[in-house]
Amino acid sequence: MKIMFNRKSFSMIKAGSKSTIDILSMLLALAAIVSGFVLHKYVWHLHFFSNKLIWYIHEVIGLSLIAIITIHCIQHSFWFRNFKRIPAKRRRVTTILLLSGGIVGFTGVILMCGSRSETISHIHYITGILFTFIAVGHVMKRWRMFRSLF
């Protein structure tokens, strides 16, 4: 089965409810953070494969979060088109958030594919913590708008 993306499919994604995507991204990020810390406890306390259900849940949540963040970025494509016009101070946090999220997603996919590299695991964990703090700042900066969604 071949999946084709064209302008019409991207415009349908853009037309999707931004508030639904925002709420989903917050919930999935929270679930990924919680399951990630639970996994960290298992991994670093010598119970590496003791609970495969938590691994599975974290992987499914992570892949879902990658998809939702991709849709979120597509919905805000105007921001990326005007990137150079936005003052550096205003774009710094969002740029770091995007980069750290990309690193977490990339290293997560590598780990899902069977890598047992401790270095990649550390990078995934550290950038995951960085992503968490920056994502909280990203939400808090827009808290009035997010609060109106509920």
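This section reports on the structure supplied with the text. (Residues numbered from 1 in each chain as written. Predicted model: local features only at pLDDT ≥ 70, side-chain atom pairs only at ≥ 80, totals over all residues. Heavy atoms only, no water.)

Some words on the overall build of the protein
Stated precisely, the cut-off is as follows: Strands are runs of DSSP state E lasting at least 2 residues, helices are runs of H or I lasting at least 4, and numbering of each runs from the N terminus. Only protein chains enter the calculation, and the probe is 1.4 Å; a residue is then buried if its accessible area is under 20% of its type maximum, exposed if over 50%, and partly exposed in between. Whether two residues touch is decided by their heavy atoms; if any such pair falls within 4.5 Å, the residues are in contact. Here, Shrake-Rupley sampling with a 1.4 Å probe gives the accessible areas, and only protein chains in the shown set may cover a residue.
Summing up its helical and strand segments, the protein has 7 helices and 0 strands in all. Each helix (α) and strand (β) of the protein, taken in turn from the N terminus, gives the series α-α-α-α-α-α-α. In the protein, which comprises 150 residues, the share counted as buried stands at 26%. Of the contacts made within the protein by residues no fewer than 6 positions apart, 66% connect residues no fewer than 24 positions apart. When the accessible area of the protein is evaluated, it comes to approximately 10600 Å², of which 70% is carbon and sulfur surface.

Some words on a nonpolar patch on the surface
Selection criterion: Here, patches come from residues exposed beyond 30% relative accessible area and free of salt bridges, joined within 9 Å for like charges and within 5 Å for nonpolar side chains (Val, Leu, Ile, Met, Phe, Trp, Tyr). What makes a salt bridge here is a side-chain nitrogen of Lys or Arg within 4 Å of a carboxyl oxygen of Asp or Glu, nothing more.
A contiguous nonpolar surface patch, about 390 Å² in accessible area, is contributed by Leu53, Tyr56, Ile57 and Val60. Tracing the backbone through its elements, the reader meets Tyr56 in helix H3 (residues 52–75). Owing to a relative accessible area of 54%, Tyr56 belongs among the exposed residues under this scheme.

Some points on the packing of H3 against helix H5 (residues 88–112)
Helix packing for two helices is described by the angle between their axes and how far apart those axes are. Heads up, the condition is: Only the stretch in contact is used when fitting a helix axis, every axis being a line fitted to C-alpha atoms; angles between N-to-C directions are given from 0 to 180 degrees. Two helices that cross are described as forming a left-handed crossing if the nearer one is turned anticlockwise from the farther one by less than a right angle, and a right-handed crossing if clockwise. Only Asp, Glu, Lys and Arg are considered charged, only Ala, Val, Leu, Ile, Met, Phe, Trp, Tyr, Cys and Pro nonpolar, and every remaining residue, Gly among them, polar.
At a minimum axis distance of 11 Å, the contact between H3 and H5 shows a crossing angle of 145 degrees. For the pair H3 and H5, the crossing hand works out as left-handed. The residues of H5 that touch H3, namely those facing Glu59, Leu63, Ile66 and Cys73, are Leu98, Gly105, Val109 and Met112. A per-class count over the contact of H3 with H5 returns 6 nonpolar, 1 polar and 1 charged.

Considerations on the environment of Leu28
Counting through the fold element by element, Leu28 comes out in helix H2 (residues 18–44). The class for Leu28 is buried, based on a relative accessible area of 16%. Remark: the alpha-carbon pair of Leu28 and Ile69, spanning 41 residues in sequence, is separated by 9.9 Å. Discounting chain neighbours no more than four positions away, the residues touching Leu28 are Ile61, Ser64, Leu65 and Ile68.

A few points about the side chain of Arg91
Threshold: Positive residues here are Lys and Arg, negative ones are Asp and Glu, while His and the chain termini are left out of the count. Under this definition, polar contacts are N or O atom pairs within 3.5 Å; protein pairs additionally need one hydrogen-donor-capable and one acceptor-capable atom, and for neighbouring residues in sequence, both atoms have to be side-chain atoms.
With respect to the helices, strands and loops of the structure, Arg91 is situated in helix H5. Here Arg91 sits buried without a salt bridge, and the closest side chain of opposite charge, Asp22, lies 21 Å off (N-O distance). Within the structure, the side chain of Arg91 is placed 2.9 Å from the backbone oxygen of Ile86, a separation counted as a polar contact. Look past the residues within four positions of Arg91 in its chain and what remains in contact with it is Trp79, Phe83, Lys84 and Ile86.

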